[in-house]
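As a plain string of letters, each chain reads:
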Amino acid sequence: MDTRSAREEILGKVRDALHRTAGASVPPVPVTARVPPRPGGPLEAEITQLLAEIEKLTGHTRRLASRAVLASALAELVKTEGVTKATLWTTPDLIAWDVAGTLRALGVTLVSPQADKQLVAGCELGVTGADAALPETGTLLLRAAPERPRVVSLLPRVHLAIFTPAVVRPDLHQAFAENKDAGYSVLVTGPSRTADIELTLTLGVHGPKTLYAWVMDTP
Amino acid sequence: MAITAQLFITCLADQFFPNVLKGMVSLLERLGVQVAFPAEQTCCGQPFFNSGYRTQARELAAQWLAVFGRTEGYIVSPSGSCVDMVRHHYPSLFPSGSPEQRQAQAVAARTFEVTQFLVNELKVTDVGARFPHKVTYHASCHLLRGLSAREEPKALLHSVKGLTLIPLSNEETCCGFGGVFSVIYPEVSQAMMEAKVRAIEASGAEAVVACDAGCLMNIAGGLRKAHSPVRALHLLEVLTAEGGAA
Amino acid sequence: MNPAPAAIDFRANSQQVPPSMPGAVQKATAKFLGNRAALVDLLGNDLWQQLRQAGHEARLHAITHLDAYLIQAEQAVAKAGGHVHWARDAAEAQRIILDLARRHHVKLAVKSKSMATEEIGLNHALEAAGIRVLETDLGEYIVQLKGVGPAHIVVPAFHLSKEEIAALFREKLGVEAPAEAQALTQIARQKLREEFLAAELGISGGNFLVAETGTIVTVTNEGNGRMCTTVPPVHVAVVGIDKVVPDWESLTVLLKLLARSATGQKLSCYTQFISGPPRSEGETGPREMHLILLDNGRSRILQTPECRETLLCIRCGACLNICPVYNSVGGYTYGYPISGPTGAIFAAQILGTQAAGSLPFASTLCGACNDICPVKIPLTDILLHLRQRVVEGDTLERAVAPAVLRAGARAGALALRTPWLYRLGGRVLAWLQIPFQRDGWLPRLPPPLNRWTLARPFPAFQPGFRTWWRSRVRAGSRPQ
């Protein structure tokens, strides 16, 4: 449906109401519309705060000292969560840590994120990295691309994000500055939740019910 | 050097709360203030303004400014909502930059609600009052938010000898008067009033104190309907009860 | 042109509030307010006030240069591969979506919570065309099953008990449903998951539209916003033109304000940023992304400078939570999907004062909303201005108040501003009341003031001050 005449009419009404002419310039956003970002702190303190905030949201956090620790952590998770099928990002970090191989060795079937959505939805576990981690709110920023599809952090019941301290950012300002060019990104702050029934908090409405956030200390 | 205060008595206090006004006169005089009463005053026009009758509100404002404009000194009132009307809304009733607007701004600048006058202008919090009772305080909306008078009434109450101030659980929640609201949406007004009365009764206080005639009419009526022994008093009545004059 | 809306009778609605509603409202709002207060404390009031001022300025800047930012947003969305449509009113927006749905042979659409889609009556239009449309926000899903609208913009079904919801699920979904929140949530998750995976169309609103990059921002806790905009092959977003935000820096300020103000969370679970459809093969997500820029009366709101800031609203619900009127009656009383102070000013302008003139009066002007609004909308000033519009009319609308009321006001004002008439009136009333007085009170007053005495007695007239003053002056105690 061609809505060009609607466009002209709406823009015309807006301009008339504001006493602006077509093509009139726009002054810069006032400096009083800006608030300085939260200052970061020493990285260790930032990571401690990040993990504490995620735990408050009932996320499960770990620090991994080595790939061996990662492997045993994965074994534990697979057992705890009863994982039979998993879908993964194929980003350099996850490949370098051979998450796929470790899961396969644990008997988990890997499903490609590009597979039929019913199959992907049938996975208990989705494994991603994170493009930014924000200590103040316990938030992870995930951007989408072919090797890092959206559905991995969305459809499975369990979402595991493994990332390094290098992605920690003091505040949304920096995280956005680096990622606003993405066609898609999402801020994940804890597992899916609602209080729609009698204001009682329940988890796992539509998004993942459980969130694991692991910091890989030695890349 | 004597301070002069013009009494802005408000239509509600004029018709329903003569004791509050008499108390204000005696208190101010005891504190050394020379009190005057411009008798041609009627109503500040707030009921019309709040109902959307801007034209009529402007007429009443013009009358009010004519009466008080020819006075000098402070203009003092026992009602936060009426003072809020004068200070914040009068200038907007007149064309921008007009002499009427300039007059409104000038007169508004010397118009004060009585607790703010006492505490901020006279710098007095202890007026020598005595009221040995348990009292709870209802913060009238226009006084609290329109005039930012959160501390002044409490400062005065804290200095009253023998008075025990009990916090009211919904102290800053509107009592449901809202002027014309009480007759436009009486069911909602009633529900809000009843919530206030329940909180007052639950507080265990012997009296509830407020600084606005509208709130007091509403709350006092509600307490009477609930057959409650709790009295509803204007702060000025507490300040002039005993130890003060009259 | 939308069809003339039915008049909203706030008083009649307020007389039909179910007894369980006020308690349920107050329980919900107390929780949100408590959580919000804790986070404001944590941040520190100085920073919070700074954020509010910044949020206000960012939104005001966007609204007052709206044409330019809309064009920037449109160009950015188009560059990112999205399709942009403009809708003057509800009917036009419905037609665009129906057209889209027909082209894609849509039988089932899934929707995330969007006040704009409620405003345009989208669900009815789709269902009339034989398309099933499912609300996926749990609260909206519940009220949709029940066949009613939302009672609060953030928690639409807060007023229903878990027993009622269980019974609803048993009846409408044909499943075993225990009256327990987690179990009911799981039932909804499973049911809706099937629907998400089967739907041909996903419909969302947009919390914000960032002009800088043409990015639609959606904020949810449940993940249904992500599901609707990722899983079905086609996504359409209906976004009011007032949702535009200049850039990501402004957005940051607003995101810091939104969740804290709405539910007392630092951030909602999922804040999504969609700039067009996926850009390459192999990315998961919709094949096609459509953005509908909806006017439906917003450009008209811009015309009145005193009311323009109505459009600053970020739909957090804080003003609902703090409003003593809302807390007494709940959302349905306002007769509009958005209720409370922001709903009152929005509806009175979108629907017009003929239909919604009762809403600007549904307030005591206590001002609590002004203090809590994260973007400092002068709500009570706008309510007052709209009351003037109802009573006196203006360039946009003719007066709604009946002529007899206006004549009464003129007469009343004349009496009040004429000193001798005013004093005479007081004396006459004090005399007239004598037979009706009981103990210093008037238990009943004649109409229309009998509405006062429905609730409580009126005090007896006691105009004693002036005679007292005069006797003092005569006694020489003070000069006049």
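Counting restarts for each chain: residues are numbered from 1 in the order of the written sequence. Chains carry letters and ligands carry numbers; both start at the beginning, A for chains and 1 for ligands, and go up in the order they are written. This being a predicted model, a pLDDT of at least 70 is required before a residue's local features are given, and a value of 80 or more before pairs of side-chain atoms are given or counted; all residues contribute to the totals for chains, interfaces and linings. Hydrogens are left out, water is left out, and the side-chain values use all remaining heavy atoms of the structure.

Trainee: How should I be thinking about the pattern of salt bridges in this particular structure?
Mentor: As a working rule, side chains carrying opposite charge can pair if their charged atoms are close by. The salt bridge definition used is simple: a Lys or Arg side-chain nitrogen within 4 Å of an Asp or Glu carboxyl oxygen. This structure, assessed with the given rule, holds 44 salt bridges over all chains. In this structure, Glu53 of chain A and Lys266 of chain C form a salt bridge, with 3.1 Å as the shortest nitrogen-oxygen distance. Within this pair, whereas Glu53 of chain A is found in helix H2 (residues 43-56), its partner Lys266 of chain C is found in the loop between helix H12 (248-262) and strand S9 (270-274), the two belonging to separate chains. The pair formed by Glu53 of chain A and Lys266 of chain C is uniform in burial state, with each residue classed as buried. With a shortest N-O distance of 3.3 Å, Glu81 of chain A and Arg157 of chain A are connected by a salt bridge. Put simply, DSSP marks the helices as runs of H or I at least four residues long and the strands as runs of E at least two long, and each gets a number from the N terminus on. Only protein chains enter the accessibility calculation, which uses a 1.4 Å probe; a residue is then buried when its area is under 20% of its type maximum, exposed when over 50%, and partly exposed in between.

Trainee: Can you help me understand the sheet that holds strand S2 (residues 108-111) of chain C in this one?
Mentor: Remark on secondary structure: sheet strands pair via backbone hydrogen bonds, oriented parallel or antiparallel. Note: two strands are recorded as paired if DSSP finds a minimum of 2 bridges between them. Taken in spatial order, the six strands line up as S1-S10-S7-S4-S2-S3 (chain C) in an open sheet, and their pairing is parallel. At either end of the open sheet lies a strand with only one pairing partner, and these are strand S1 (83-87) and strand S3 (132-135) of chain C. Taken pair by pair, the neighbouring strands of this sheet meet at an average axis angle of 20°, ignoring direction. When strand S4 (residues 201-204) of chain C meets strand S7 (residues 234-240) of chain C, the two strands line up parallel, connected through four bridges. Residue pairing across strands places Ser204 of chain C opposite Ala237 of chain C, the latter belonging to S7 of chain C. Contacts from helix H1 (residues 4-18) of chain A reach S1 and strand S10 (288-294) of chain C within the one sheet, and its direction differs from that of S1 of chain C by about 60°. Lines are fitted to the C-alpha atoms to define the axes, a helix being fitted only along its stretch in contact, and any angle between axes, read from their N-to-C directions, falls within 0 to 180 degrees. Throughout, a contact is declared for two residues whenever any of their heavy atoms are within 4.5 Å.

Trainee: Help me understand the pairing of S10 of chain C in this model?
Mentor: Within a regular strand, the side chains alternate between the two sheet faces. Residue and element names in this part refer to chain C. Of all the seven residues making up S10, six are buried; the element is thus mostly covered by neighbouring parts of the structure. Both S1 and S10 contribute to a ladder of five bridges, which runs parallel. Its bridge partner being in S10, His85 is matched across the sheet by Ile292. Here S7 pairs with S10 via seven bridges, running parallel. Following the sheet pairing, Val236 is matched in S10 by His290.

Trainee: In this structure, what is going on with the interface of chain B and chain C? I would like to understand it.
Mentor: Much of the literature gives interface size as the accessible area that the parts lose upon coming together. The interface is formed by 60 residues belonging to chain B together with 60 residues belonging to chain C. Values labelled buried area give the accessible surface lost by two parts on being combined, using a 1.4 Å probe and summing over both. Summed over both sides, the interface of chain B with chain C buries roughly 5500 Å², with 62% coming from carbon and sulfur. In this structure, the connection of chain B to chain C is made through seven salt bridges. In this structure, Glu29 of chain B engages Arg472 of chain C in a salt bridge whose closest nitrogen and oxygen atoms are separated by 2.9 Å. Nitrogen and oxygen atoms within 3.5 Å of one another constitute a polar contact, given that in protein one can donate a hydrogen and the other can accept it, and given that sequence-neighbouring residues count only through two side-chain atoms. Between chain B and chain C we count 22 residue pairs in polar contact (both at pLDDT 80 or more) in total. Here the element with the most residues in the side of chain B that touches chain C is helix H11 (residues 186-203) of chain B; it accounts for eight residues. Under the scheme applied here, ten amino acids are nonpolar (Ala, Val, Leu, Ile, Met, Phe, Trp, Tyr, Cys and Pro), four are charged (Asp, Glu, Lys and Arg), and all others, including Gly, are polar. In the side of chain B that touches chain C, the residues fall into 30 nonpolar, 20 polar and 10 charged.

Trainee: Looking at this structure, I do not really get the sheet that holds strand S2 (residues 85-88) of chain A. What am I missing?
Mentor: Residues and elements named next belong to chain A. Ordered in space as S1-S11-S7-S4-S2-S3, the six strands form an open sheet in which the pairing is parallel. Strands with a single pairing partner mark the edges of an open sheet, and in this sheet they are strand S1 (60-64) and strand S3 (109-110). By the bridge criterion, two bridges tie S2 to S3 in an arrangement that is parallel. Following the sheet pairing, Ala86 is matched in S3 by Leu110. Across the face of the sheet, H2 comes into contact with S1, strand S7 (158-163) and strand S11 (210-216) while running at roughly 150° to S1. The strands that helix H3 (residues 67-81) touches are S1, strand S4 (125-128), S7 and S11; relative to S11, the one it contacts most, it runs at about 170°.

Trainee: Would you take a moment to explain the environment of Ala36 of chain B for this structure?
Mentor: Within the fold, Ala36 of chain B resides in strand S2 (residues 33-36). Along the sequence, Ala36 of chain B and Thr71 of chain B sit 35 residues apart, while their C-alpha atoms lie 9.3 Å from each other. Excluding residues that lie within four positions of it along the chain, Ala36 of chain B makes contacts with Ala5, Gln6 and Leu7 of chain B together with Trp469 of chain C.

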